[in-house]
Structures are given as C-alpha cells and as structure tokens.
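Below are the chains, spelled out letter by letter.
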Amino acid sequence: MPARKFTVAEVARHNTADSAWIIVDQKVYDVTKFLNDHPGGKGILLKYAGKDASKEFHQFHQAYMVLPSYGPKLEVGVVGEAAAEVADPNKPELSGMLITNENEVFGDLTPFAEPTWYQDWYSPYFKESHRKLRAHMRKWLQENSWMEHKEEWEALIKSNQKPPKWAFEAVGKAGIFRVIVGPPWGAPNLPGIPSLPMGIPQKEWDIFHEMVVVDELNATPSLVGVMFGGNPYALPLLMKYGTQKMKDEIVPALFNGTETAALAISEPHAGSDVAQLQTRAVLSADGKHFVLNGEKKWITGGVWADWFMVACRTDETRPGSAGISVLAVRRGPGLATRPIETQSGVISGTAYVTFDNMIVPAENLVGKLNGGFKLLMANFNHERLFICITTLRNARVCYQEAVHYCHKRKTFGKFLIQHPILRDKLAREYMARQIEAAQAWVESIAYQMQRMPTEIQDARLGGVIALAKVQCTNVFEFCAKEASQILGGISVTKGGQGARVEQLYRVVRSVTIAGGSQEIMADLGIRQSLKVHELMGAKL
C-alpha cells in the first residue's frame with residue numbers, strides 16, 4: 001500500500017499534546033500515544049511537534065535500533081514526494097568516486113563498521129548468493145526484531161517459562177534453525193522441515209552462508225538470537241553422531257521451532273575440565289534404559305529446552321574422560337530446571353538442571369558407549385567458531401557505536417574524532433586493527449572447515465579454533481571496554497544512545513568463559529597444534 005503523502009504545512013498543524021506529529025528523514029510519525037512512554041520525557045517531543053526533528057533525532061538516538069522497533073507502529077506517511085522512492089537504509093548512497101562497480105556496498109559505509117566484503121572489497125569466499133542472503137537476513141531481522149517484547153519475555157523466563165511459541169516457530173519457518181549446525185552435515189533434506197533461507201539449494205549451501213546468518217543475527221538488535229538457546233551447540237552433536245532414527249524423530253521439530261534443544265555439559269564442579277564431570281547414568285540390568293542422576297549448571301536455553309544432549313559418566317571403573325557418554329534426554333519426569341540470572345540477565349534462558357532417577361531409553365545414546373568425550377571435543381570446534389563469529393560482530397558493533405559517537409559529541413570545542421588520542425583508540429593500537437586481523441583469521445579457518453577432509457578436520461583444526469576463540473573474545477572484551485570509555489556516562493546507562501554498548505559490555509564475560517575459558521583454550525591450542533604438527537612430520 002503506497003505511503004500517504006503530507007505537506008510540511010499539514011504536519012505543522014499537529015503540534016499539541018492531543019495530536020503530535022514529527023518528521024524524521026522525510027517520514028511522518030504520530031507520537032501522540034507515545035508521549036508518556038518516551039524515555040526522554042514528553043516535553044522534548046512536544047518541543048518538536050509539527051516540525052522536522054531529523055537532526056535532533058539522530059543526535060540523541062541510534063536510528064537502526066529505534067526505528068525498526070517503533071517506526072512501523074508510529075509512521076503515518078511521508079513528506080512530499082518521498083513516497084515515490086523510499087531509500088533502502090541498508091544500501092547507502094554512493095558518490096561514484098573510488099567505487100569498483102563490481103562489488104556491492106551494503107550497510108554502514110563507515111570504515112570498518114561492517115566486514116570488508118560489505119564495503120566494496122573483493123573476497124574469495126563470498127559470492128552472489130551470500131550477498132543476497134545478507135540483505136535478506138538484515139531485512140528479516142529489522143522486521144522481526146521483537147525488542148518490544150523484551151520485558152514481557154524476561155518476566156516469563158524468570159518464572160521458568162519459555163517465550164511465546166509463535167516466536168520460535170517464526171524462526172523455524174524462516175529456515176534459520178536449519179542453518180546453524182555446521183558443515184558438512186548441515187541442512188539435510190529431512191521430511192517435514194522448512195526450506196533454507198531464500199530457497200538456496202542445499203548443494204550450494206556452505207559454511208560462509210552460515211557465517212552470514214550468524215553475523216547478521218548479531219548486527220541487528222533483536223531477540224531472535226534468544227530463540228536459538230542451545231540449538232547451535234546441541235544440534236551438531238545429534239546431526240553428526242546420532243542415529244538416523246534419532247534424526248528422523250527429533251530433528252524436524254527442532255528445525256521447525258516447535259521444540260528446542262540444549263547442550264548440558266558444565267556442572268557446579270566441572271566446567272572447562274569436562275573429564276571431571278559427575279553426572280551419572282547407570283544402564284539397567286536388561287540393557288533397555290539408563291537411570292540418570294546429577295546436576296548441570298549454566299545451560300544456555302535450558303529453561304525452555306525440550307531436549308538435552310547430556311554428557312554423563314557411564315562407567316565408574318574408567319576414570320577421567322574414558323567413561324563418558326552422551327545421551328539425548330527428552331524433558332520429562334525426573335528432570336527439573338530453574339533459571340539462573342547472569343550478568344546479561346535472564347533472556348538467554350540459562351538454567352540449572354537436575355536429573356533425579358530419570359529414565360532414559362538406551363536407544364538415546366549418541367555415538368558409542370563411553371566414547372562421548374571425543375564427540376564433545378570435536379563438537380567444540382563448531383561451537384567455538386560460532387562464538388568467534390558472534391564476538392567479532394559484537395566487537396564491530398562496539399567500534400561502530402564509538403566512531404559514530406565521536407562524530408556527534410564535542411569536548412573542548414572539538415568533535416571527539418578531531419582529538420588524535422580518540423582516533424588512535426579507534427585505529428592503530430585499538431579497535432579496527434584487531435577486528436580486521438581476527439576477521440581474516442576466522443574466514444580462513446572457515447574455509448578450511450569447508451574444504452578439509454572430514455576425517456582429519458577435527459584434529460587439525462581443534463587447536464587453531466581454540467586459539468581463535470581466545471583472540472576473538474579478547475578483541476570483543478577490548479572493544480567493549482574502549483567503546484564504553486569513549487561513550488562515557490551514556491555507556492553505563494540502560495537505554496538511550498549508549499544502550500547497546502552497555503548491554504554488550506555485560507555479555508563479555510559469558511562469551512569469554514563459554515565454550516572453554518581463555519586460559520584453558522590457550523593451553524589447548526598450543527598443545528593440540530604441537531601434537532598435530534609432530535604427527536604431520538615436524539621436527540621439534
């Protein structure tokens with residue numbers, strides 16, 4: 001339906017508390033019913049009622065965060081001929097200078113605010129289907145941010161309930177749950193599952209399509225990532241090591257979003273040291289079921305998970321890693337969860353999980369009996385790469401927020417960007433240099449995951465990915481700290497211009513520890529790499 005057109009004079013008549021309209025970027029918004037809900041108070045809105053408030057709006061808001069959530073509800077039309085062609089905010093206007101005309105420019109054209117292949121750089125990894133998927137994902141996420149439901153969903157999670165069913169099913173219908181299980185087993189053609197995003201054929205889907213999806217999920221403020229819960233970590237185990245019967249019976253519901261899964265490894269007394277876990281599963285005398293007892297802690301998405309991939313000890317006579325197995329456990333009698341509030345709140349559904357004489361069918365064994373430790377270690381490769389992609393985009397968002405703020409905020413008569421020390425923070429010793437170096441490494445690793453033979457991939461890449469996780473989380477931690485320092489007081493305030501940096505600053509510790517703490521990862525990375533290269537023939 002064409003947007004309704006207004007003249008500036010028509011908008012000017014709506015300048016009271018009974019009818020308050022404002023213009024932002026040629027779009028007209030009726031903010032009458034929003035006056036009392038405006039975080040900055042209704043006075044500022046009434047001051048600009050009937051006027052063009054574009055400059056003031058951009059000075060005090062991050063448009064890409066605010067407009068997708070509130071714009072569609074408040075927009076009533078456009079000014080003049082703006083309706084003829086509304087610019088795509090994700091495709092910036094170009095001057096024609098220094099453009100190759102061979103690559104697409106997409107998103108924020110601020111240097112280093114997007115990956116290089118978004119900004120007219122050539123890439124050996126990303127092709128036309130990746131560019132189309134990138135635009136599709138950003139548009140879909142902007143239209144389905146669901147940020148307005150955050151408080152409502154947090155209240156549900158605090159009471160040990162899951163967010164609404166429709167949200168999970170919307171993500172499933174969009175094909176997003178399908179594409180987070182990693183290569184080469186990703187996106188199988190099982191009956192009753194949704195198509196891949198944009199209908200991309202399975203034979204064309206690769207690790208870089210998954211990178212685009214994960215990257216975009218973190219580029220746009222939304223609650224869609226909440227729906228993932230533990231799926232990115234639990235699903236690969238099931239897809240790679242589960243029986244065909246398991247896949248046929250469990251996976252379609254997980255892909256469609258009618259059910260979810262979580263990976264249950266960490267315990268109150270065993271985190272990065274997986275070999276020390278104490279949850280026990282005893283096989284019955286008739287061999288038909290296991291009796292599961294124990295506790296798990298910090299389980300992402302555990303509040304609402306229907307399935308748990310549980311690491312447990314199945315042989316008491318074999319110490320350490322030797323007696324560990326993985327069971328696919330469906331929520332039922334004997335399983336209880338309760339929410340854990342972390343630094344980043346409760347929105348990720350982190351849970352404390354207990355198993356009390358729970359009966360688990362023996363056929364739910366994933367992989368071989370007592371062979372679970374090797375499966376878990378191999379599964380960490382995909383999980384840690386997923387974390388690398390996520391934290392790099394988070395670091396980039398912190399940089400993006402900081403560089404834009406530096407162009408708006410003045411101190412001592414100058415914009416922050418005019419102070420050499422601030423430019424140094426953004427560039428040489430600080431953010432941009434570290435982000436781009438880590439991005440190049442992660443893309444190179446992803447290419448190896450795409451091409452390297454599967455029989456040697458887990459061993460060859462395990463140490464490298466562990467080190468990449470250390471690097472990427474370090475970069476994110478650094479960028480969050482520096483962005484917070486640049487933004488100053490607004491970065492420690494929930495809401496407003498600094499809201500995203502404030503929120504990301506609280507996420508840092510959870511992603512730094514999740515999937516293996518930095519100290520453990522650094523040691524593993526070197527030990528594993530030395531071992532691999534000795535086997536390859538290195539003389540050390």
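Everything numeric in this text was worked out from a predicted model, so none of it was measured.

### A few points about helix H7 (residues 165-173)
- Turning to H7, its buried residues number three or more, namely Ala 167, Phe 168, Val 171 and Gly 172. All buried residues of H7 fall inside an arc of 140 degrees around its axis, so they share one side. Turned more than 90 degrees away from the buried face of H7 sit Lys 165 and Lys 173, all of them exposed.
- On its buried face, H7 sits against helix H5 (128-143), helix H6 (150-158), helix H9 (224-228) and helix H11 (244-256).

### A few points about unusual backbone geometry
- A positive phi is found at Met 198, a non-glycine position, where the angle reads about 65 degrees.
- Assignment of secondary structure puts Met 198 in the loop between H7 and helix H8 (207-219).
- You will see that Phe 412, though not glycine, has its phi angle at about 55 degrees, which is positive.
- Relative to the helices and strands, Phe 412 is located in the loop between strand S14 (410-411) and strand S15 (414-415).

### Examining the packing of aromatic side chains
- With the rule as written, the count across this model stands at 15 aromatic pairs.
- Consider the rings of Trp 117 and Phe 126, whose centres lie 4.0 Å apart with planes at 0 degrees: the pair is stacked.
- Ring geometry for Tyr 125 versus Tyr 447: centroids 5.5 Å apart, planes at 45 degrees, classification tilted. Of this pair, Tyr 125 sits in the loop between strand S5 (75-79) and H5 while Tyr 447 sits in helix H14 (residues 431-451), placing them 322 residues apart in sequence.
- Note on Tyr 125: relative accessible area 18%, which makes it buried.

### Brief notes about the pairing of strand S7 (residues 280-283)
- Here S7 runs beside strand S8 (residues 289-299); their pairing, made up of 4 bridges, is antiparallel. Considered in S8, the bridge of Ala 281 is made with Leu 292.
- Counting the residues in the hairpin turn of S7 and S8 gives 5 residues, including Gly 287, whose phi is positive at 75 degrees.

### A short note on the packing of helix H12 (residues 372-406) against H14
- Contact geometry for H12 and H14: axes closest at 10 Å, N-to-C directions at 155 degrees. As far as their axial angle goes, H14 and H12 are roughly antiparallel. Where H12 crosses over H14, the handedness of that crossing is left-handed. On H14, the residues touching Leu 385, Cys 388, Ile 389, Leu 392, Ala 395, Arg 396, Tyr 399 and Ala 402 of H12 are Met 431, Ala 432, Ile 435, Glu 436, Ala 438, Gln 439, Val 442, Ile 445 and Met 449.
- Grouping the constituent residues of the contact of H12 with H14 by class yields 14 nonpolar, 1 polar and 2 charged.

### Considerations on the pattern of salt bridges
- For the structure shown, the criterion picks out 20 salt bridges.
- Taking the shortest distance from any N to any O, the salt bridge between Arg 138 and Glu 114 comes out at 2.9 Å. Within this pair, whereas Arg 138 is found in helix H5, its partner Glu 114 is found in the loop between S5 and H5, the two being separated by 24 residues in sequence.
- With a closest N to O distance of 2.9 Å, Lys 296 and Glu 267 form a salt bridge. Residue Lys 296 is found in strand S8, and its partner Glu 267 is found in the loop between strand S6 (261-264) and S7; the two are separated by 29 residues along the sequence. Neither residue differs from the other here; Lys 296 and Glu 267 are each classed as buried.
- The structure contains a network of salt bridges with shared partners spanning Glu 114, Arg 138, Asp 215, Glu 216 and Arg 393.

### Quick look at helix H17 (residues 518-536)
- Under the 1.5 Å per step criterion, the end-to-end length of H17 is 26 Å for 19 residues, consistent within 8% with the ideal 27 Å.
- Residues of H17 that are buried include every one of Gln 518, Met 521, Leu 524, Gly 525 and Val 532, and no others. Taken end-on, H17 shows its buried residues confined to a sector of 115 degrees, consistent with a single buried face. The exposed set on the far side of H17, more than 90 degrees from its buried face, consists of Glu 519 and Lys 531.
- Within two residues after H17, Gly 537 carries a phi angle of roughly 120 degrees, on the positive side.

### Remarks on the pairing of strand S10 (residues 324-330)
- Most of S10 sits inside the fold, with 6 of its 7 residues counted as buried.
- Direction of pairing for strand S9 (residues 307-313) relative to S10: antiparallel, over a ladder of 7 bridges. In the sheet register, Met 309 faces S10, and the bridge partner there is Ala 328.
- Looking at chain direction, S10 and strand S13 (residues 365-366) are connected through 2 bridges and run antiparallel.

### Describing the nonpolar core
- Residues Phe 308, Met 309, Val 329 and Ile 486 are the most contacted members of the largest nonpolar core, which totals 131 residues.
- The element contributing the most residues to this core is H12, with 17 residues.
- In this structure Phe 308 touches Ala 262, Ala 264, Ile 299, Gly 302, Leu 327, Ala 328, Val 329, Arg 331, Leu 335, Thr 337 and Val 353, once residues within four positions along its chain are discounted.
- Counting 12 residues, the second largest nonpolar core, distinct from the first, contains Ile 22, Val 24, Ala 49 and Phe 57.

### Some details on the sheet that holds strand S1 (residues 5-6)
- The strand order S1-S5-S4-S3-S2 describes an open sheet built from 5 strands, whose pairing is mixed. The sheet is open, and its two edges are formed by S1 and strand S2 (15-16), each paired on a single side.
- In this sheet, S5 lies alongside strand S4 (residues 27-30) in antiparallel orientation, the contact comprising 3 bridges. Its bridge partner lying in S5, Lys 27 is registered against Val 78.

### Concerning a nonpolar patch on the surface
- On the surface, a nonpolar cluster with roughly 320 Å² of combined accessible area is contributed by Ile 526, Leu 530 and Leu 540.
- Along the chain, the position of Leu 540 falls in the segment after H17.

### Re the packing of helix H10 (residues 231-241) against H11
- Two numbers describe how H10 lies on H11: the axes approach to 11 Å, and their chain directions differ by 155 degrees. Between H10 and H11, the interaxial angle falls into the category roughly antiparallel. Where H10 crosses over H11, the two elements pack in a sense that is left-handed. In contact with Asn 231, Leu 235, Leu 238 and Met 239 of H10, H11 contributes Met 246, Lys 247, Ile 250, Val 251, Leu 254 and Phe 255.
- Of the residues assigned to the contact of H10 with H11, the class counts are 8 nonpolar, 1 polar and 1 charged.

Cut-offs used in this document
- Residues numbered from 1 in each chain as written.
- Predicted model: local features only at pLDDT ≥ 70, side-chain atom pairs only at ≥ 80, totals over all residues.
- Heavy atoms only, no water.
- Buried < 20%, exposed > 50% of the residue type's maximum accessible area, 1.4 Å probe, protein only.
- Helix = DSSP H or I, 4+ residues; strand = E, 2+ residues; numbered from the N terminus.
- Arc of directions from axis to C-beta.
- Contact = heavy atoms within 4.5 Å.
- Phe/Tyr/Trp six-rings, centres within 6.5 Å; stacked < 30°, edge-to-face > 60°.
- Pairing = 2+ DSSP bridges.
- Axes fitted to C-alpha atoms, helices over the stretch in contact; angles between N-to-C directions.
- Parallel < 35°, antiparallel > 145°, perpendicular 65-115°, else oblique.
- Left-handed = near helix turned anticlockwise from the far one by under 90°.
- Nonpolar A, V, L, I, M, F, W, Y, C, P; charged D, E, K, R; others polar.
- Salt bridge = Lys/Arg side-chain N within 4 Å of Asp/Glu carboxyl O.
- Expected span 1.5 Å × (residues − 1).
- Core = buried A, V, L, I, M, F, W, Y, C linked by side-chain atoms within 4.5 Å.
- Patch = residues over 30% accessible without salt bridge, like charges linked within 9 Å, V, L, I, M, F, W, Y side chains within 5 Å.
- Areas by Shrake-Rupley, 256 points an atom, 1.4 Å probe, with all protein chains shown as cover.

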